[in-house]
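Letter by letter, the chains look like this.
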Amino acid sequence: MQRRELLKVIGAAAALPFIPSPASAAVRIAESVHRRLGPERPAPNAALRVLSSEQNELVTTIAEMILPETDTPGATTARVNEFVDLLLAEWSSDAERAKFLAGLDAIDHEARASYRRRFVELGPPERTLTLAALDGARESNEGAGYAFGHLKRLTVYGYFTSEIVQKNVLKTDIWPGRYDACASVVLQGTSGPRGDRQ
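Model, not experiment: these values are computed from the prediction.

Parameters and conventions
- Chains are numbered independently. Their residues run from 1 in the order of the written sequence.
- Note on the predicted model: pLDDT of at least 70 is required for a residue's local features to be given, and 80 or more for side-chain atom pairs to be given and counted; whole-chain, interface and lining totals, by contrast, use all residues.
- Water and hydrogen atoms play no part in the side-chain values, which are based on all heavy atoms of the structure.
- For this analysis, a nonpolar core means a set of buried residues of the types Ala, Val, Leu, Ile, Met, Phe, Trp, Tyr and Cys, connected via side-chain atoms within 4.5 Å.
- Burial classes: relative accessible area under 20% of the type maximum marks a residue as buried, over 50% as exposed, and values in between as partly exposed (1.4 Å probe, protein chains only).
- The helix count covers DSSP runs of H or I at least four residues long, the strand count covers runs of E at least two residues long, and both are numbered beginning at the N terminus.
- In this analysis, two residues are considered to be in contact whenever any of their non-hydrogen atoms come within 4.5 Å of each other.
- The angle between two axes is taken between their N-to-C directions and runs from 0 to 180 degrees, where each axis is a line fitted to C-alpha atoms and a helix contributes only its stretch in contact.
- Each angle gets one of four labels, with under 35 degrees taken as roughly parallel, over 145 as roughly antiparallel, 65 to 115 as roughly perpendicular, and the rest as oblique.
- Each residue is assigned to one of three groups, with Ala, Val, Leu, Ile, Met, Phe, Trp, Tyr, Cys and Pro labelled nonpolar, Asp, Glu, Lys and Arg labelled charged, and all others, Gly among them, labelled polar.
- Crossings are classed by handedness, with left-handed meaning an anticlockwise turn of the near helix from the far one by less than a right angle and right-handed meaning a clockwise turn.

K.L.:
Hey, could you go over the nonpolar core for me, with residue numbers and the actual values?
P.N.:
By size, the foremost hydrophobic cluster in this structure holds 42 residues, and its most contacted members are Ile62, Phe100, Leu104, Ile107 and Phe119. If you list the elements that add at least two residues to this core, you get helix 2 (23-40), helix 3 (53-66), helix 4 (80-90), helix 5 (94-115), helix 6 (124-136), helix 7 (143-160) and helix 8 (163-170). Sorting elements by how many residues they give to this core places helix 7 first, with ten residues. Those residues in contact with Phe100 that lie beyond four places of it in its chain are Val84, Leu88, Tyr146, Ala147, His150 and Leu151.

K.L.:
I'd like a rundown of the packing of helix 4 against helix 5, residues and numbers included.
P.N.:
Between helix 4 and helix 5, whose axes approach to 8 Å, the crossing angle comes to 140°. Classed by the angle they form, the pair helix 4 and helix 5 counts as oblique. Of the residues in helix 5, those in contact with Val84, Leu88 and Ala89 of helix 4 are Arg97, Phe100 and Leu101. Classifying every residue of the contact of helix 4 with helix 5 by side-chain character gives five nonpolar, no polar and one charged.

K.L.:
Describe unusual backbone geometry, with residues and values.
P.N.:
A positive phi is found at Arg79, a non-glycine position, where the angle reads about 60°. In this fold, Arg79 is placed in the loop between helix 3 and helix 4.

K.L.:
Pulling in residues and values, what's your account of the packing of helix 5 against helix 6?
P.N.:
At a closest axis distance of 11 Å, the pairing of helix 5 and helix 6 adopts a crossing angle of 125°. Looking at the two axes, helix 5 sits oblique to helix 6. Where helix 5 crosses over helix 6, the handedness of that crossing is right-handed. On helix 6, the residues touching Ile107, Glu110 and Tyr115 of helix 5 are Glu126, Leu129, Thr130 and Leu134. Grouping the amino acids of the contact of helix 5 with helix 6 by side-chain chemistry returns four nonpolar, one polar and two charged.

Laid out in structure tokens, this is it:
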């Protein structure tokens, strides 16, 4: 995938109220969130800020269904659930966060109403049927359909901007490799930095 195509995918996926619309700005935000996940959370799922353990389990399960592990990393390996949690904690407004969390709870409510079990307790056929129904309602302004549509966009956004996917799947250099400020410059044919040459 070329960088331009990737930015289009990310720009479409990141059509979220708290993400700036230029894809390049959306990518910068995602990169900063992903960078923070490493040093702040060495243990997967440690110290989630917004999602309860049940909500985290639901987000992780649905994200993995959207982008499953195959011969390439899945959403869980890309730590999409933690990406979502950090975005909710620091970028969502209180109202947006509350609407999304209420929608997650509505997904479990719908699963219980249909199957008498939480979504994560369903078998693969029931999960697939439930998500297909939610996908049909993903443009809703609230409830389970809203939460699923929102989570689908966040999953694509978090997955394709993660370092592991950038390096190992897309082979795209969207993340800067390295930046060394104030490095000495050694001129060819000399043994010292440029400033030593008279």
